[in-house]
Amino acid sequence: MGFYSSYIFPHFLDWTLNHPAVHRERRVALAKAEGQTLEIGFGTGLNLPSYPETVTRLVALDSEAMLPNRVAERIRQAKIPVEQIQFDATRPLPFEDSTFDTVVTTFTLCSVSDVSSALAELKRVLKDGGRYLFLEHGLSSNPAIARWQNRLNPIQRVVACGCNLNRGIDDLITRAGFRAEWLDRFVLPGVPEILGTSYRGGARKG
């Protein structure tokens, strides 16, 4: 990682996603999390206050160690046991099949280099009947906005360290073999639709 991606972008990311409007969406997205839970793309730990007490243990996985002191403090304050692992989620995950009751991604699928492989691994480690919860941004259903997302995506990938504006999150999850339970499409309040087009939902394995 370069200086920008190591020391500047993590602060910017933490600042933009640590907003009351985003935290409201996190609480809604994670309300049905339970049991042994795996979060891919842990980032700076902003999901921690939104997990319900039904989660018995959280395994938090990310390929980068962002703002480690800040993350350590958030883990210390968490009301659930947290195990943090630094690992690239595009590789086979270091867990047995059918390990977790819940798997979670929030603002993660936009920047995973091989989304299909990552989702296949999430499905593998999720128990039969387990639930995948997600809150992601991606491709707008408005054709005019979608065209601008496609045009601006090469710039976005540079300034946002690999983040993509134009991924159809619902299609990616369905193609990975998950069975959708619910899906909400909306634009984050106060955020331009190009950046704030969001997908929040839950899907089952099997």
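Structural data are supplied above this passage.
Rules behind the numbers
- Residues numbered from 1 in each chain as written.
- Predicted model: local features only at pLDDT ≥ 70, side-chain atom pairs only at ≥ 80, totals over all residues.
- Heavy atoms only, no water.
- Helix = DSSP H or I, 4+ residues; strand = E, 2+ residues; numbered from the N terminus.
- Rg over C-alpha atoms; globule rule 2.2 N^0.38 Å.
- Buried < 20%, exposed > 50% of the residue type's maximum accessible area, 1.4 Å probe, protein only.
- Contact = heavy atoms within 4.5 Å.
- Areas by Shrake-Rupley, 256 points an atom, 1.4 Å probe, with all protein chains shown as cover.
- 1 Å grid on protein atoms, 1.4 Å probe; cavity = no way out; pocket = protein on both sides within 12 Å on 5 of 7 lines; lining within 4 Å.
- Points joined across faces, edges and corners; volume = space filled by probe spheres on them.
- Nonpolar A, V, L, I, M, F, W, Y, C, P; charged D, E, K, R; others polar.
- Pairing = 2+ DSSP bridges.
- Axes fitted to C-alpha atoms, helices over the stretch in contact; angles between N-to-C directions.
- Phe/Tyr/Trp six-rings, centres within 6.5 Å; stacked < 30°, edge-to-face > 60°.
- Lys NZ or Arg CZ within 6 Å of the ring centre and 35° of its normal.
- Lys, Arg positive; Asp, Glu negative; His and termini not counted.
- Salt bridge = Lys/Arg side-chain N within 4 Å of Asp/Glu carboxyl O.
- Polar contact = N/O pair within 3.5 Å; in protein donor to acceptor, adjacent residues only side chain to side chain.

**Notes on the overall build of the chain**
- Within the chain, the secondary structure is distributed over seven helices and seven strands.
- Relative to the 2.2 N^0.38 estimate, which gives 17 Å for 206 residues, the radius of gyration of the chain is 16 Å and therefore close to what a compact globule would have.
- A principal-axis box enclosing the C-alpha atoms of the chain has dimensions of 40 × 40 × 30 Å.
- For the chain, buried positions account for 50% of its 206 residues.
- Taking the intrachain contacts of the chain between residues at least 6 apart in sequence as the baseline, contacts between residues at least 24 apart amount to 68%.
- Surface accessibility of the chain: about 10100 Å² in total, with carbon and sulfur atoms responsible for 54%.

**Observations concerning the layout of surface pockets**
- Of the voids in this model, the second largest pocket is the one considered here, and its volume is about 230 Å³.
- What lines the second largest pocket is simply Leu48, Pro49, Tyr51, Glu53, Arg74, Gln77, Ala78, Lys79 and Ile80.
- Per-class residue counts for the lining of the second largest pocket are five nonpolar, one polar and three charged.

**Observations regarding the sheet that holds strand β6 (residues 178-187)**
- Read from one edge of the open sheet, seven strands run β3-β2-β1-β4-β5-β7-β6, paired in mixed fashion. Whereas interior strands pair on both sides, the edge strands pair on one side only; in this sheet they are β3 (82-86) and β6. When strand polarity is set aside, the average angle formed by the axes of neighbouring strands in this sheet is 15°.
- Bridging between strand β5 (residues 126-137) and strand β7 (residues 197-205) involves seven bridges; their strand directions are antiparallel. Its bridge partner lying in β7, Leu133 is registered against Gly202.
- Contacting β4 (100-106), β5, β6 and β7, helix α2 (residues 20-30) crosses the sheet at an angle of about 165° to β5.

**Focus on the packing of aromatic side chains**
- The final tally for this structure, using the stated rule, is seven aromatic pairs.
- Judged by centre distance (6.5 Å) and plane angle (35°), the ring pair of Phe9 and Phe12 falls under tilted. Taken together, the residues Phe9 and Phe12, both in helix α1 (residues 3-17) and three residues apart, mark about one turn of the helix.
- Through successive ring pairs, a cluster of aromatic residues spans Tyr4, Phe9, Phe12 and Trp15.
- We note Lys32 situated over the ring of Trp182; from NZ or CZ to the ring centre the distance is 4.7 Å.
- A cation over a ring is seen here: Arg151 above Trp148, with NZ or CZ 4.7 Å from the ring centre.

**Quick word on the side chain of Arg26**
- Relative to the helices and strands, Arg26 is located in helix α2.
- Among buried Asp, Glu, Lys and Arg side chains, Arg26 stands out as unpaired, with Glu39 the closest opposite charge at 6.1 Å.
- Sequence-distant contacts of Arg26, defined by excluding residues within four places in its chain, comprise Leu17, Leu46, Asn47, Ser50, Thr106, Phe107 and Leu135.

**Regarding the side chain of Ser198**
- With respect to the helices and strands, Ser198 occurs in strand β7.
- A polar side-chain atom of Ser198 sits 2.8 Å from the main-chain carbonyl oxygen of Gly196.
- Other than its neighbours up to four places away in sequence, Ser198 contacts Glu136, His137, Asp184, Arg185, Phe186 and Leu188.

**Section: unusual backbone geometry**
- Phi at Leu67 takes a positive value of approximately 40°, unusual for a residue other than glycine.
- Note on placement: Leu67 falls in the loop between β2 (55-62) and α3 (68-77).
- Leu67 gets classed as buried once you look at its relative accessible area, which sits at 13%.
- Even without glycine at this site, Cys161 takes up a positive phi of about 55°.
- Mapped onto the fold, Cys161 is located in the loop between α5 (143-159) and α6 (169-175).
- Residue Cys161 is classed as partly exposed on the basis of its relative accessible area, which comes to 33%.

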